[in-house]
Amino acid sequence: MSEVKYSWLKMDENFFNQFGMKLMENLEDGHHCEIVYIKLLMHCLQNNGVIKRTDLNKPFVMELAEAVGEDVGIVDRTVNFLLKAKMMEPVKGKEYAYTFAAVKATIREAKK
C-alpha cells in the first residue's frame, strides 16, 4: 500500500474577504480563478512554498496548468492577476521560481 502524504495550508479566517480575493472574484471566471489559486497554493507546499519551473522548453503557464489539472487559459488569467496584485511574486535570486504571499505567512508562522 502506498504512503499518503498530508499537507496543510493555514488560511486567515478572512481569506475570501481580503481585497485581492474580492478583486479576483470580479474577474471573468473569478470563482474558477479562486479554485486555481488554491490549487497553486497546495501545489507549492510540496516544495516549501515555492513553485519552480522544471521544463524550460514548455511555457510556464502550461507547466502549471498540467501540474494542477486545469485549462491553460484559466491558469494564465489567474497567474497574470496574481502577479499584478502581488499575491504571487518571483523568488529573489532564483530564476524561474515563484512564491505566494499567503504561503510565506504560513511558513513563517510554522517556524515560530
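> What is the right way to read the side chain of Thr78 from this model?
With respect to the element layout, Thr78 can be found in helix 4 (residues 72–84). Overall, the relative accessible area of 1% leaves Thr78 in the buried class. With sequence-adjacent residues up to four places away left out, Thr78 is seen in contact with Cys33, Val36 and Tyr37.

> Any chance you could explain the packing of aromatic side chains here in plain terms?
Throughout the structure, instances matching the rule amount to 4 aromatic pairs. On the numbers, 5.0 Å between centres and 25° between planes, the contact of Phe60 with Tyr98 is stacked. Note that Phe60 is positioned in helix 3 (residues 60–68) and Tyr98 in strand 3 (residues 97–100), a separation of 38 residues in sequence. Taken as a pair, Phe60 and Tyr98 share a single burial class, namely buried. Chaining the aromatic ring pairs together yields one cluster made of Phe15, Phe16, Tyr37 and Phe100.

> Would you explain the sheet that holds strand 3 in this entry?
Hydrogen bonds along the backbone pair up the strands of a sheet, which may run parallel or antiparallel. The strand order 1-3-2 describes an open sheet built from 3 strands, whose pairing is antiparallel. Each of the sheet's edge strands pairs with one partner strand only, and the pair in question is strand 1 (50–52) and strand 2 (88–90). Neighbour-to-neighbour, the strand axes of the sheet open up by a mean angle of 30°, direction not taken into account. Inspection of the sheet shows strand 1 paired to strand 3 by 3 bridges, in the antiparallel sense.

> Can you help me understand the side chain of Glu70 in this one?
When you line up the elements, Glu70 lands in the loop between helix 3 and helix 4. When its relative accessible area of 17% is taken as the criterion, Glu70 is described as buried. At 2.7 Å, the side chain of Glu70 forms a polar contact with the side chain of Lys39. Excluding its chain neighbours within four sequence positions, the residues that come into contact with Glu70 are His32, Ile35, Val36, Lys39, Ala65 and Val75.

> So what exactly am I meant to see when it comes to helix 3 here?
What sets the pattern is the α-helix's 3.6 residues per turn: residues three or four places apart point alike. Taken as a whole, helix 3 has its buried residues at Phe60, Val61, Glu63, Leu64, Ala65 and Val68. Turning to helix 3, the residues buried within the fold contact helix 2 (30–44), strand 1, helix 4, strand 2 and strand 3. Two residues or fewer after helix 3 comes Gly69, characterised by a positive phi angle close to 70°.

> I keep staring at the pairing of strand 3 and nothing clicks. Help me out?
Here is the key point about a regular strand: its side chains alternate between the two faces of the sheet. The side-chain alternation of strand 3 yields two buried faces, one formed by Ala97 and Thr99 and the other by Tyr98 and Phe100. As paired elements, strand 2 and strand 3 share 3 bridges and run antiparallel to each other. Its bridge partner being in strand 3, Pro90 is matched across the sheet by Tyr98.

About the criteria used
- Residues numbered from 1 in each chain as written.
- Predicted model: local features only at pLDDT ≥ 70, side-chain atom pairs only at ≥ 80, totals over all residues.
- Heavy atoms only, no water.
- Helix = DSSP H or I, 4+ residues; strand = E, 2+ residues; numbered from the N terminus.
- Buried < 20%, exposed > 50% of the residue type's maximum accessible area, 1.4 Å probe, protein only.
- Contact = heavy atoms within 4.5 Å.
- Phe/Tyr/Trp six-rings, centres within 6.5 Å; stacked < 30°, edge-to-face > 60°.
- Pairing = 2+ DSSP bridges.
- Axes fitted to C-alpha atoms, helices over the stretch in contact; angles between N-to-C directions.
- Polar contact = N/O pair within 3.5 Å; in protein donor to acceptor, adjacent residues only side chain to side chain.

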